[in-house]
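# Geometric and topological summary
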Amino acid sequence: MTSPLRIALAGLGTVGSGVIELLNENSQMIADRAGRPIEVIAVSARDKNRDRGLDLSPYIWSDNALDLAAISDVDCVVEMIGGSEGVAVDLARNSLNNGKSFVTANKAMIAHHGMELAGLAESKSVSLKYEAAVAGGIPVIKGLREGASANRIERVYGILNGTCNYILS
Ligand SMILES: NC(=O)c1ccc[n+]([C@@H]2O[C@H](COP(=O)([O-])OP(=O)(O)OC[C@H]3O[C@@H](n4cnc5c(N)ncnc54)[C@H](OP(=O)(O)O)[C@@H]3O)[C@@H](O)[C@H]2O)c1
């Protein structure tokens, strides 16, 4: 098995804490399927003392999410903060500029800055992944980009927001 993919995760709310829990609970299965372990090495949120039901002692902590983009042995920064402007988009730009792949669940930021960030990722030969920001994590982006690449899809209609569907049901 190859070396771990080392990630830094910004935002430890509903989504960020859940990501850490799932990576911990399913680490062996994910490593088997991905062909390499995924290792969280650093985290950031505003309040270090907030009880998140997680043991954060294994991770480097920073109150300033932008620090994560500067950690030299981080391969990938994961942003679970939210908001179209401010720290989220600064973190995206800094991470990509520093040659780190970037994963986000932040639909507002992708709506406002997606083209710019995609161009930056391409120019640095790293990945920008935002599947979790669309349709409650249903893998539609990959399906449209790869599985349906021979089709001419002009529009997709429907309620694609997991939170709306949760409320409506
Ligand atoms: N909740 C959902 O069902 C869902 C589903 C799909 C996508 N999303 C998207 O996922 C993202 C996160 O949503 P969420 O529901 O997890 O939000 P949340 O519970 O409000 O969590 C936000 C986290 O960001 C941290 N944070 C805020 N400002 C920060 C800063 N300046 N520096 C560092 N950390 C900061 C907060 O720190 P503290 O904890 O210390 O306050 C908190 O841990 C959003 O973009 C949202 O649209 C959410």
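Scroll up a little and you will see the structure.
Residues numbered from 1 in each chain as written. Predicted model: local features only at pLDDT ≥ 70, side-chain atom pairs only at ≥ 80, totals over all residues. Heavy atoms only, no water.

### Quick word on a nonpolar patch on the surface
A grouping of Leu144, Ile153, Val156 and Leu160 is seen on the molecular surface, where their side chains present a nonpolar patch of about 330 Å² in accessible area. By the element assignment, Val156 lies in the loop between helix 5 (140-147) and helix 6 (162-168). (Patch = residues over 30% accessible without salt bridge, like charges linked within 9 Å, V, L, I, M, F, W, Y side chains within 5 Å. Areas by Shrake-Rupley, 256 points an atom, 1.4 Å probe, with all protein chains shown as cover. Salt bridge = Lys/Arg side-chain N within 4 Å of Asp/Glu carboxyl O. Helix = DSSP H or I, 4+ residues; strand = E, 2+ residues; numbered from the N terminus.)

### Here's the deal with the pattern of salt bridges
It is possible for side chains of opposite charge to pair when their charged atoms get near one another. Under the criterion given, the structure shown has five salt bridges. Residues Lys142 and Glu146 are paired through a salt bridge, measuring 3.0 Å at the closest nitrogen-oxygen approach. Of this pair, Lys142 and Glu146 are both found in helix 5, four residues apart, which corresponds to roughly one turn of the helix. Three or more residues joined by partner-sharing salt bridges are found here, namely Arg6, Glu39 and Asp73.

### So, the site of the ligand
Lining the immediate surroundings of the ligand are 20 residues, of which Leu12, Val15, Asp47, Arg50 and Arg52 lie closest. One of the backbone nitrogen or oxygen atoms of Val15 is found 2.8 Å away from an oxygen atom of the ligand. At a separation of 2.7 Å, an oxygen atom of the ligand approaches a polar side-chain atom of Arg52. Its free accessible area being 900 Å², the ligand has 72% of it covered by the protein chains. Grouping the amino acids of the shell around the ligand by side-chain chemistry returns nine nonpolar, six polar and five charged. (Near = heavy atom within 4 Å. Polar contact = N/O pair within 3.5 Å; in protein donor to acceptor, adjacent residues only side chain to side chain. Nonpolar A, V, L, I, M, F, W, Y, C, P; charged D, E, K, R; others polar.)

### A few points about the environment of Leu168
Residue position: Leu168 is located in helix 6. Sequence separation between Leu168 and Pro4 is 164 residues, and the spatial gap between their C-alpha atoms is 40 Å.

### Looking at the sheet that holds strand 5 (residues 101-104)
Ordered by their spatial adjacency, six strands build an open sheet running 3-2-1-4-5-6, and the pairing between neighbours is parallel. With one partner strand each, in any of the chains shown, strand 3 (60-62) and strand 6 (128-129) form the two edges of the open sheet. (Pairing = 2+ DSSP bridges.)

### Considerations on helix 1 (residues 14-25)
Between its terminal C-alpha atoms helix 1 stretches 16 Å, which fits the 16 Å expected from twelve residues at 1.5 Å a residue. Three or more residues of helix 1 are buried, namely Gly16, Ser17, Ile20 and Leu23. Projected down its long axis, helix 1 carries its buried residues within an arc of 130°, all on one side. Exposed residues lying more than 90 degrees from the buried face of helix 1 are Thr14 and Glu25. Contacts from the buried residues of helix 1 go to strand 1 (5-10), helix 2 (27-34) and strand 2 (38-44). (Expected span 1.5 Å × (residues − 1). Buried < 20%, exposed > 50% of the residue type's maximum accessible area, 1.4 Å probe, protein only. Arc of directions from axis to C-beta. Contact = heavy atoms within 4.5 Å.)

### Topic: helix 4 (residues 107-123)
Between its first and last C-alpha, helix 4 extends 22 Å over 17 residues, near the 24 Å set by a 1.5 Å rise per residue. The largest bend in helix 4 amounts to roughly 80° and is located at His113. Along helix 4, the residues classified as buried are Met109, Ile110, His113, Gly114, Leu117, Leu120 and Ala121. As for helix 4, its buried residues are in contact with strand 4 (76-79), helix 3 (87-97), strand 5 and strand 6. One side-chain oxygen of the residue at the start of helix 4 lies 3.3 Å from the amide nitrogen of Ala108, identifying that residue as Asn106. (Bend = angle between axes of the 7 residues up to and from the residue.)

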